[in-house]
Amino acid sequence: METEQKEHNFPVSPADKVLFLKQGQRELGEIRQEAAKACALDNEIDPIPDFAYRDAYLLLEILFNYDTPMADIGWLMDGGIGFEWRSRDGKSIATISIYGDNQIVYGASLEGTRRVKGTCLLTDLASLVHFFSTLKDLYFQ
């Protein structure tokens, strides 16, 4: 599944936010179906808790509010939802994983020289904003 990363200038119209959130919500719905099918076929795949979907949607709102590009979103075999951003040249990557416990696990490697990783509460906007600046650096490489 591939999504286009979007760029926009301030001010952002409410319609843009609706489209951004609808795209994310559609992807989360697809992920819910795919993950449920995978769990039914393989008992070593952990189910994704409903709270993870709630946290993922909240993260989408935060990402939009901080003018962060849309991520590729997917399910994780350990019961989480993953958000991934890659630079255009493919040399840099950033990820966020959500498991429904109001925390996120984040990491980034920018061209193999700058690495950032950590865990924080989904409501810890100070830590998230710092990580979002890394995402923007990655996106504009």
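Quick notes on the rules
Residues numbered from 1 in each chain as written. Predicted model: local features only at pLDDT ≥ 70, side-chain atom pairs only at ≥ 80, totals over all residues. Heavy atoms only, no water. Core = buried A, V, L, I, M, F, W, Y, C linked by side-chain atoms within 4.5 Å. Buried < 20%, exposed > 50% of the residue type's maximum accessible area, 1.4 Å probe, protein only. Helix = DSSP H or I, 4+ residues; strand = E, 2+ residues; numbered from the N terminus. Contact = heavy atoms within 4.5 Å. Phe/Tyr/Trp six-rings, centres within 6.5 Å; stacked < 30°, edge-to-face > 60°. Lys NZ or Arg CZ within 6 Å of the ring centre and 35° of its normal. Salt bridge = Lys/Arg side-chain N within 4 Å of Asp/Glu carboxyl O.

Draft legend 1. Layout of the nonpolar core. Among the nonpolar cores identified, the biggest contains 35 residues, and Phe 83 and Ile 96 are the most heavily contacted of them. The set of elements that each furnish at least two residues to this core consists of α1 (14–41), α2 (50–65), β2 (81–86), β3 (93–98), β4 (103–110), β5 (114–121) and α3 (125–139). Here the element with the most residues in this core is α2; it accounts for eight residues. Those residues within four positions of Phe 83 in sequence are excluded, and the remaining contacts are Ala 56, Leu 59, Leu 60, Leu 63, Ala 71, Asp 72, Ile 73, Ala 94, Thr 95, Ile 96 and Ile 98.

Draft legend 2. Focus on the packing of aromatic side chains. Scanning the model with the defined rule gives four aromatic pairs in all. Here the aromatic rings of Tyr 66 and Phe 132 are separated by 5.9 Å at their centres, their planes lie at 50°, and the arrangement is tilted. Of this pair, Tyr 66 sits in the loop between α2 and β1 (72–75) while Phe 132 sits in helix α3, placing them 66 residues apart in sequence. Its relative accessible area of 31% is what places Tyr 66 among the partly exposed residues. Phe 132 sits in the buried class, given a relative accessible area of 2%. Positioned above the aromatic ring of Tyr 53 is the side chain of Arg 32, whose terminal nitrogen or guanidinium carbon lies 3.8 Å from the ring centre.

Draft legend 3. Highlighting the pattern of salt bridges. Overall, the coordinates contain four salt bridges when judged by the stated rule. With a closest N to O distance of 2.9 Å, Asp 50 and Arg 32 form a salt bridge. Of this pair, Asp 50 sits in helix α2 while Arg 32 sits in helix α1, placing them 18 residues apart in sequence. A relative accessible area of 56% places Asp 50 in the exposed class. Its relative accessible area of 37% is what places Arg 32 among the partly exposed residues.

Draft legend 4. Representation of the side chain of Thr 68 in the model. Tracing the backbone shows Thr 68 in the loop between α2 and β1. For Thr 68, a relative accessible area of 1% gives the class buried.

Draft legend 5. Quick peek at unusual backbone geometry. With phi around 55°, Asp 67 is a residue other than glycine that occupies positive phi space. If you check the backbone angles, Asn 102 has positive phi at about 65° while not being a glycine. Structurally, Asn 102 can be placed in the loop between β3 and β4.

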